[in-house]
Amino acid sequence: MIFADKLITLRKKAGWSQEELAEKLNVTRQSVSKWEGAQSVPDIDKILQLSCLFGVTTDYLLKDDAAEPEYTEDDTSPLPRVTLAQANDYLAKARANAPKLALATALCVVSPIPLLALGALSEAGLFGIWDDLAGGIGLIALLVIIAAAVAIFMQCSASVRAYEFLQKQAIETEYGVTGLAKERRDAFAPQYDKANILGTVLCVLSAVPVFAAMMVGASFLVSASICLVLALVACGVYAFVRVGTVRDAMDQLLEEGDYTRPNKAIKSRINALTAAYWLVVVAIFLWYTFGPQGNGQPQYSWFIWAIGGVVYAALVIAVKAFMKKNR
């Protein structure tokens, strides 16, 4: 096996892309690509860095007749090792965080309800609420709900900060960790399936109130039906996130599902894309509502978030497919 093939094998075993390996060696991605394409060979300094990085001998890297990896005496691995105690602690924290994360996500979904409800009351002339008051109070309520959700997200994230590497890096596990995670996942499977069925049913049924309101034709009922849609979707999302958080923790330890080594490399890019995308959506919402051509009534701009959510899901699917194809 020539050096180029060995480098490809070691890099993929570590779960790194060419860009990530190049960053660790302080070289360009093109340099790594040339090494793996047998177009050039790294200098001795880079060979020594690769030896330390992958925990193999320089002889293994340089000798074509060395087919099997020759590890250094201390068998140092470039991958973080997860102990049984760490696995138990992480799974316990994931279970504790699951209902909190589910609640925070549901709060984000229902956050526009006060805005929509007050706007409907204002439009119907009930309780003496005028448009500006409805929009102001509704927007304040939306921000308060979002702030509460963000606080919960941050608290949960802080509790598992020590285990962030499980989502981003390839790992090695000590004896017993894989068996523990598989046993917990098998025991959790019935609860996971029931919650997903419930969440799916609620999301499908959420469209019923809108159709019913459209048949009646009253604008007040249409607004009320949209609030009910958001409430049903929030309940469905709560079910998904509560069990999904626990299942994800097990998949991270097993490096399966969405947390295989190739998927981890993709996920870091998806996270960056997500942050940029939602900042753009917020900017569009603010410009459309409060810009030069805006009406200053955010209760009528809620559809931007719905469209943004659908486009985001489609964008993530497309980006994942593209990155997997070009990997």
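Residues numbered from 1 in each chain as written. Predicted model: local features only at pLDDT ≥ 70, side-chain atom pairs only at ≥ 80, totals over all residues. Heavy atoms only, no water.

### A few points about the side chain of Glu255
The test is simple: Comment: elements are numbered from the N terminus, with helices defined as DSSP H or I runs of at least four residues and strands as E runs of at least two. Note on exposure labels: buried denotes an accessible area under 20% of the residue type's maximum, exposed denotes more than 50%, and partly exposed covers the range between, all computed with a 1.4 Å probe on protein chains only. Identification of polar contacts relies on pairs of N or O atoms within 3.5 Å, with a donor-acceptor requirement for protein atoms, meaning one able to donate a hydrogen and the other able to accept it, and with residues adjacent in sequence counted only if both atoms are side-chain atoms. By definition in these notes, contact holds between two residues if any of their heavy atoms fall within 4.5 Å.
Relative to the assigned elements, Glu255 resides in the loop between helix H12 (219–254) and helix H13 (261–290). For Glu255, a relative accessible area of 16% corresponds to the buried category. Within the structure, Glu255 has its side chain in polar contact with the backbone nitrogen of Ile171 (distance 3.1 Å). Contacts of Glu255, omitting those with residues within four sequence positions, involve Gln169, Ala170, Ile171, Thr260, Arg261 and Lys264.

### Overview of the packing of helix H2 (residues 18–25) against helix H3 (residues 29–36)
So the rule is basically this: Between the N-to-C directions of two axes lies an angle of 0 to 180 degrees, each axis being a line fitted to C-alpha atoms and, for a helix, fitted only over the stretch in contact. Comment on the angle field: the value is read as roughly parallel under 35 degrees, roughly antiparallel over 145, roughly perpendicular from 65 to 115, and oblique elsewhere. Note: crossing handedness is left-handed where the near helix turns anticlockwise from the far helix by less than a right angle, and right-handed where it turns clockwise. Under the grouping applied here, Gly and all other residues not named as nonpolar or charged are polar, the nonpolar ones being Ala, Val, Leu, Ile, Met, Phe, Trp, Tyr, Cys and Pro and the charged ones Asp, Glu, Lys and Arg.
Between H2 and H3, the shortest axis-to-axis distance is 8 Å and the interhelical angle comes to 110°. Viewed along their axes, H2 and H3 adopt a mutual orientation that is roughly perpendicular. The two elements H2 and H3 meet at a crossing, and its hand is right-handed. Here H2 contributes Gln18, Glu19, Leu21, Ala22 and Leu25 to the contact with H3, which in turn contributes Arg29, Val32, Ser33, Trp35 and Glu36. For the contact of H2 with H3, the class distribution of residues is five nonpolar, two polar and three charged.

### Some thoughts on unusual backbone geometry
For Asn26, which is not a glycine, the phi torsion comes out positive at approximately 60°. Residue placement: Asn26 occurs in the loop between H2 and H3. Backbone geometry places Ala38, a non-glycine residue, at a positive phi of 60°. Tracing the chain through its elements places Ala38 in the loop between H3 and helix H4 (44–54).

### Structural notes on the nonpolar core
One broad rule of soluble globular proteins: the nonpolar side chains tend to lie buried together. Convention followed: Nonpolar cores are built from buried Ala, Val, Leu, Ile, Met, Phe, Trp, Tyr and Cys residues. Side-chain atoms within 4.5 Å join them into one set.
Counting residues in hydrophobic clusters, the biggest one holds 23 residues, and the most contacted among them are Val82, Ala87, Tyr90, Leu91, Phe165, Leu166 and Leu253. Put simply, the parts of the chain that give this core at least two residues each are helix H6 (84–110), helix H9 (165–168), helix H10 (177–205) and H12. Sort the elements by how many residues they give to this core and H12 lands first, with seven residues. When sequence neighbours within four positions are dropped, the list of residues in contact with Tyr90 reads Val160, Tyr163, Leu166, Gln167, Ala249 and Gln252. Of all hydrophobic cores here, the second largest spans 19 residues; its members include Trp35, Leu53, Leu61 and Ala170.

### A few points about the environment of Tyr175
Relative to the helices and strands, Tyr175 resides in the loop between strand E2 (172–173) and H10. Here the alpha-carbon distance between Tyr175 and Thr83, two residues 92 residues apart in the chain, equals 8.0 Å.

### Structural notes on a nonpolar patch on the surface
In plain terms, the rule: To count toward a patch, a residue needs a relative accessible area above 30% and no salt bridge. Like charges then connect within 9 Å, nonpolar side chains (Val, Leu, Ile, Met, Phe, Trp, Tyr) within 5 Å. Here the open area of atoms and residues is found with the Shrake-Rupley method and a 1.4 Å probe, where only the protein chains shown may cover a residue. Salt bridge criterion: a side-chain nitrogen from Lys or Arg within 4 Å of a carboxyl oxygen from Asp or Glu.
Where nonpolar side chains cluster on the molecular surface, the patch consists of Trp287, Tyr288, Phe303, Ile307 and Val311 and spans about 500 Å² of accessible area. Among the secondary structure elements, those contributing two or more residues to the nonpolar patch are H13 and helix H14 (303–325). By the element assignment, Ile307 lies in helix H14. Here Ile307 falls in the partly exposed class, since its relative accessible area comes to 48%.

### Quick notes on the pattern of salt bridges
Using the criterion set out here, one finds seven salt bridges in the structure. The residue Arg11 makes a salt bridge to Glu36 at a minimum N-O spacing of 2.5 Å. Placement of the pair is Arg11 in helix H1 (residues 3–14) and Glu36 in helix H3, with a sequence separation of 25 residues. Glu256 serves as the salt-bridge partner of Arg185, at 2.6 Å between the closest nitrogen and oxygen. Taken together, the residues Arg185 in helix H10 and Glu256 in the loop between H12 and H13 connect sequence positions 71 residues apart. With a relative accessible area of 17%, Arg185 lands in the buried category. Among the residues examined, Glu256 registers a relative accessible area of 27% and is labelled partly exposed. Taken together, the shared-partner salt bridges connect Arg185, Arg247, Asp251 and Glu256 into one network.

### Structural notes on the packing of aromatic side chains
Applicable threshold: Centres within 6.5 Å are what make two rings of Phe, Tyr or Trp a pair, Trp counting through its six-membered ring; a difference in plane orientation under 30 degrees is then read as stacked, over 60 as edge-to-face, and the rest as tilted. In our convention, an over-ring charge means Lys NZ or Arg CZ found within 6 Å of a ring centre and within 35 degrees of that ring's normal.
One pass over the structure, following the stated rule, counts two aromatic pairs. Seen from their ring centres, Tyr90 and Tyr163 are 5.2 Å apart, and the 45° between their planes marks the pair as tilted. Placement of Tyr90 in helix H6 and of Tyr163 in the loop between helix H8 (131–159) and H9 is noted, with a sequence separation of 73 residues between them. Comparing Tyr90 with Tyr163, the two get one shared label, buried. A ring pair is formed by Phe188 and Tyr192, whose centres lie 6.5 Å apart and whose planes are at 45°; its orientation type is tilted. On the criterion of helical spacing, the pair formed by Phe188 and Tyr192 is a turn pair, its members being four residues apart in helix H10. Positioned above the aromatic ring of Tyr60 is the side chain of Lys6, whose terminal nitrogen or guanidinium carbon lies 4.7 Å from the ring centre. In this structure, Arg247 packs its charged tip against the face of Tyr192, placed 4.7 Å from the ring centre.

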